[in-house]
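Examining the three-dimensional arrangement
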Amino acid sequence: MSLMRPYRGLPLVTPYLIALASAGVLSHPRAQASSGSMIAVGVLPGRASSFVTGMSADGSTVVGTSSTAGVADASAYRWTRHSGILALPAPPGGGVTQAGTISGDGRVIWGTANGNPCRWIESNNPEILALPGGWSSIVFTDASFDGGVVCGFANINGVARAFRWSASGGFISLGTFQPAESFRTSRAYAMSADGNLLFGDAEGREVEGPFRWTSASGMEYLGKPPGALSASLRCASDDGLFAAFSCTSFMTLPRAFRWQSGAGMMELPVSPPVMYWVPHAMNGDGSVIVGDGPVNTGHRMVRWTPLEGLQDLHVYLPTVGIPMPQVDSPTGWSDLKLWEISSDGLVMSGNGSLDGVKQGFVILLPSLHRVCASDLTDDGAVDDGDFVIFAGQYDLLICSTPAMPTCSADLNADGYVDDGDFVLFVRAYEAIVCP
């Protein structure tokens, strides 16, 4: 492979440092990068499949539902890396349970027991909550960090409407965009860590699309790009300053956007072979968004950051020790879709099939592969020390060569430290401070 070597004209890096790095005189200050891992959640005894619906903020706990024949024998579960998958207690007399979401601290799980809303605190017996009259078919989608506030949507007098629950206020409908009409729908999917800001999508007589809700101002329309017919918002940052959604337009593929308070929306890129992608989850500060999108042979999980752009995780994950499924392989993982991400962006969870068994999974990224990937010395800044490391790996070029120390400078995860990585490094270097 022949690659053009770019001129390294970074103002703070001296030719002396470049010469030392190129000659291999300077030792690599970083420990050997640890490998990531992908863990199967498994299924409950006597069940045939499982599905992840929520994850704690630190990624240590996931919840979901395991069943054999759909809802008829569903059981809510809680999973940790230490305990594995464990069924949550059923109500007195037994019955069907389903988990919808979990608090950020992992203590409170929200779901249903025999169709009634409930919560499990510290995995104890479910506490059944009374629904207001005319409410049914409730779905919990997100909870505050301490579990004291939860949101979702329910059938309210025959129409799907977003709701918020708190210990002090109980269940309240968020309504829909004004001027309201009785048949218009709304659904809440995300909230800030303190439970004060809620996000989702709604309909109104004049507008339709993503919303932000507060108790003071009610439902605020966040807008959508010109020509978009609909928009689906599924995730927001812990402080509520960022959110992500996808838009559909007539005769065009869906597009992904990140919304920022005070700045509006920014379209997110698409990278072949992914045709388009749908954001499903966002980390705590809004700097990492994950989702999935179709390719010619199935789906691909993707990850976006401001510095690295859109990464095809089926290419990136093998570089950190996590093998991805081969096309048309009858064994291993298939049909992988991401649903959750931890606050630090290093743990992701979702659903797929392992050897034909539908179940959830958890992906653990090594700590060295973090949002600020160009910070090769892990000191919180992208500076001359990081460039010394980058230059040494750039001269070696191929990640698989035995002389390559960790290939931590392969920022676009294509197996080479080359011009594409240099462009990404320069962006971070000019910013200096990690996002």
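This section reports on the structure supplied with the text. (Residues numbered from 1 in each chain as written. Predicted model: local features only at pLDDT ≥ 70, side-chain atom pairs only at ≥ 80, totals over all residues. Heavy atoms only, no water.)

Considering the overall build of the protein
Scanning the protein for helices and strands turns up four helices and 28 strands. For the protein, the proportion of its 435 residues judged to be buried stands at 52%. Expressed as a percentage of contacts within the protein between residues at least 6 apart in sequence, the contacts between residues at least 24 apart total 47%. (Helix = DSSP H or I, 4+ residues; strand = E, 2+ residues; numbered from the N terminus. Buried < 20%, exposed > 50% of the residue type's maximum accessible area, 1.4 Å probe, protein only. Contact = heavy atoms within 4.5 Å.)

Some remarks on the nonpolar core
Grouped together as the largest cluster of nonpolar side chains are 20 residues, with contacts concentrated most on M38, M301, L317, M348, F361, I363 and L365. Those elements that place two or more of their residues in this core are α2 (313-316), β26 (333-341) and β28 (357-364). Tallying contributions element by element places β26 first for this core, with four residues. (Core = buried A, V, L, I, M, F, W, Y, C linked by side-chain atoms within 4.5 Å.)

As for the pattern of salt bridges
Tallied over the full model, the rule gives eight salt bridges. Between E122 and R107 there is a salt bridge, and its shortest N-O distance comes to 2.7 Å. Of this pair, E122 sits in the loop between β8 (116-121) and β9 (127-128) while R107 is found in the loop between β6 (97-102) and β7 (108-113), placing the two residues 15 residues apart along the sequence. Judged by its relative accessible area of 35%, R107 is partly exposed. With a shortest N-O distance of 2.8 Å, R184 and E181 are connected by a salt bridge. (Salt bridge = Lys/Arg side-chain N within 4 Å of Asp/Glu carboxyl O.)

Observations regarding the packing of aromatic side chains
When we look at a pair of aromatic rings, we describe it by the centre distance and by the angle of the planes. Under the counting rule described, the total for this entry stands at 18 aromatic pairs. Its guanidinium or amino end placed over the ring of F153, R187 lies 5.4 Å from that ring's centre, counting from NZ or CZ. When the ring centre of Y189 is taken as origin, the NZ or CZ atom of R234, which lies over that ring, is 3.8 Å away. (Phe/Tyr/Trp six-rings, centres within 6.5 Å; stacked < 30°, edge-to-face > 60°. Lys NZ or Arg CZ within 6 Å of the ring centre and 35° of its normal.)

Looking at the sheet that holds strand β3 (residues 61-67)
Taken together, four strands build an open sheet; the order of strands is β2-β3-β4-β5 and the sheet is antiparallel. Each end of this open sheet is capped by a strand with a single partner; those strands are β2 (49-55) and β5 (84-87). The sheet shows a mean angle of 30° between the axes of neighbouring strands, direction not considered. Strand direction decides the pairing type here: β2 and β3, joined by six bridges, are antiparallel. Each bridged residue has a counterpart across the sheet, and for S50 the counterpart in β3 is S66. (Pairing = 2+ DSSP bridges. Axes fitted to C-alpha atoms, helices over the stretch in contact; angles between N-to-C directions.)

What about the sheet that holds β8?
Spatially, the four strands line up as an open sheet ordered β6-β7-β8-β9, and their pairing is antiparallel. Whereas interior strands pair on both sides, the edge strands pair on one side only; in this sheet they are β6 and β9.

Regarding a nonpolar patch on the surface
Side chains of L229, F250 and M251 sit close together on the surface and give an oily, nonpolar patch of about 420 Å² of accessible area. Within the secondary structure, M251 is located in the loop between β19 (242-249) and β20 (252-260). Looking at M251, the relative accessible area reads 72%, which means it is exposed. (Patch = residues over 30% accessible without salt bridge, like charges linked within 9 Å, V, L, I, M, F, W, Y side chains within 5 Å. Areas by Shrake-Rupley, 256 points an atom, 1.4 Å probe, with all protein chains shown as cover.)

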